[in-house]
Amino acid sequence: ITHWIETSNVYEEDLGHLYERLSNYYKAKKDIVQAYDAIGKSLYYLKVSKDYNYTINIYLDLASQYIMNLSYVYAQKCMDHVYELQELDEITDLQIRSYAYRIQGILQRENGSYEDALKSFERANEIVEESGTNTYESAYHAINDVNIAKTYVKMGLFEEAEHILMEYSDSDFLNPTIF
């Protein structure tokens, strides 16, 4: 990958994609400093190229990583970059748009804005319904629904949360031995 980056005459969008791949390589090698350096270059070239879908997806992936590490302030900074690039409903890729609403909902929930979070998760599910590709929809529905259930738990609505989770009791999506 570095050979292509250094020797090829490629468009900025392509450089953005190559640097993103290089970041994944460094992450796999546990070289986090190089991984973040590469992802920063990726974001730079993708922004310059105006490939907003891919840029937004990277910011959402970063936000998701921060959320998993309970670093909500940094996750929110990633979402702020998304908002600067595009209104959520203007994101053309439906999978990324749904993902953006889910991340927004998680951050709203963690900030105590439960009603707003529920609206974001519902919007994420509505977008999934629009897609119709049959590639990611089931997984996204499950993830969104689990987030709705988590929000209900935070609101003290345990029966509502249990009802949602019971719908997935036989699902591989919530099987901890698989995921």
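The following paragraphs examine the structure supplied in this document.

The rules behind the values
The numbering scheme is per chain: residues are counted from 1 as the chain's sequence reads. Under the rules for a predicted model, residues below a pLDDT of 70 receive no local features and side-chain atom pairs below 80 are neither given nor counted, while totals for whole chains, interfaces and linings still include all residues. Water and hydrogen atoms play no part in the side-chain values, which are based on all heavy atoms of the structure. Salt bridges, as used here, are contacts in which a Lys or Arg side-chain nitrogen is within 4 Å of a carboxyl oxygen on Asp or Glu. Think of it in three bands: with a 1.4 Å probe and only protein chains considered, a residue is buried below 20% of the maximum accessible area for its type, exposed above 50%, and partly exposed in between. Helix and strand definitions follow DSSP, with helices as H or I runs of at least four residues and strands as E runs of at least two, each counted in order from the N terminus. Identification of polar contacts relies on pairs of N or O atoms within 3.5 Å, with a donor-acceptor requirement for protein atoms, meaning one able to donate a hydrogen and the other able to accept it, and with residues adjacent in sequence counted only if both atoms are side-chain atoms. Residue contacts are defined here by distance: any two heavy atoms, one from each residue, within 4.5 Å place the two residues in contact. Whether a set of points on the 1 Å grid over the protein atoms alone is a cavity depends on a 1.4 Å probe fitting there but being unable to get out, while an open set qualifies as a pocket with protein on both sides within 12 Å along at least five of seven lines; lining residues are those with an atom within 4 Å of a point. Grid points are joined across faces, edges and corners, and a volume is the space filled by probe spheres set on the points. Residue classes follow a fixed rule: Ala, Val, Leu, Ile, Met, Phe, Trp, Tyr, Cys and Pro count as nonpolar, while Asp, Glu, Lys and Arg count as charged, and any other residue, Gly among them, counts as polar. For Phe, Tyr and Trp, rings pair up if their centres lie within 6.5 Å, where Trp contributes its six-membered ring, and each pair is then called stacked (planes under 30 degrees apart), edge-to-face (over 60) or tilted (otherwise). Only lysine NZ and arginine CZ atoms are considered, and such an atom sits over a ring when it is within 6 Å of the ring centre and within 35 degrees of the ring normal.

1. Brief notes about the pattern of salt bridges
The final tally for this structure, using the stated rule, is seven salt bridges. With its nearest N and O atoms 2.4 Å apart, the salt bridge here joins Glu20 to Arg21. The exposure class assigned to Glu20 is buried, which follows from its relative accessible area of 10%. Assessed through its relative accessible area of 42%, Arg21 is described here as partly exposed. Of the charged contacts, one joins Arg123 and Asp89 as a salt bridge, the two residues approaching to 2.9 Å between their closest N and O atoms. Within this pair, whereas Arg123 is found in helix H7 (residues 114–131), its partner Asp89 is found in the loop between helix H5 (72–85) and helix H6 (94–110), the two being separated by 34 residues in sequence. According to the relative accessible area criterion, Arg123 is buried, its value standing at 19%. By relative accessible area, which is 43% here, Asp89 ends up partly exposed. A cluster of three or more residues bridged by salt bridges with shared partners is formed by Asp89, Arg123, Glu126 and Glu130.

2. Brief notes about the side chain of His141
Structurally, His141 can be placed in helix H8 (residues 137–154). With a relative accessible area of 19%, His141 lands in the buried category. A distance of 3.0 Å separates polar atoms of two side chains, one belonging to His141 and the other to Asn125. Residues within four places of His141 in sequence aside, it is in contact with Asn125, Val128, Glu129 and Tyr168.

3. Observations regarding the side chain of Thr55
Tracing the sequence through the fold places Thr55 in helix H4 (residues 52–68). In this structure Thr55 comes out as buried when scored by relative accessible area, which is 0%. The contact partners of Thr55, leaving out residues within four places of it in the chain, are Leu43, Leu46, Lys47 and Leu85.

4. Quick look at the layout of surface pockets
Approximately 520 Å³ is the volume attributed to the largest pocket. The wall of the largest pocket is formed by 21 residues, among which Arg102, Ile106, Ile143, Asn147 and Lys150 lie closest to the centre. Take the lining of the largest pocket: its biggest share by element is seven residues, from H8. For the lining of the largest pocket, the per-class residue count stands at 14 nonpolar, two polar and five charged.

5. Focus: the packing of aromatic side chains
Using the criterion set out here, one finds five aromatic pairs in the structure. Ring geometry for Tyr44 versus Tyr45: centroids 5.0 Å apart, planes at 75°, classification edge-to-face. According to the relative accessible area criterion, Tyr45 is partly exposed, its value standing at 23%. Members of the aromatic cluster, each reached through a chain of ring pairs, are Tyr19, Tyr44 and Tyr45. One Lys or Arg, Arg102, reaches over the ring of Tyr140 and ends 4.4 Å from the middle of that ring. We note Arg123 situated over the ring of Tyr101; from NZ or CZ to the ring centre the distance is 5.7 Å.

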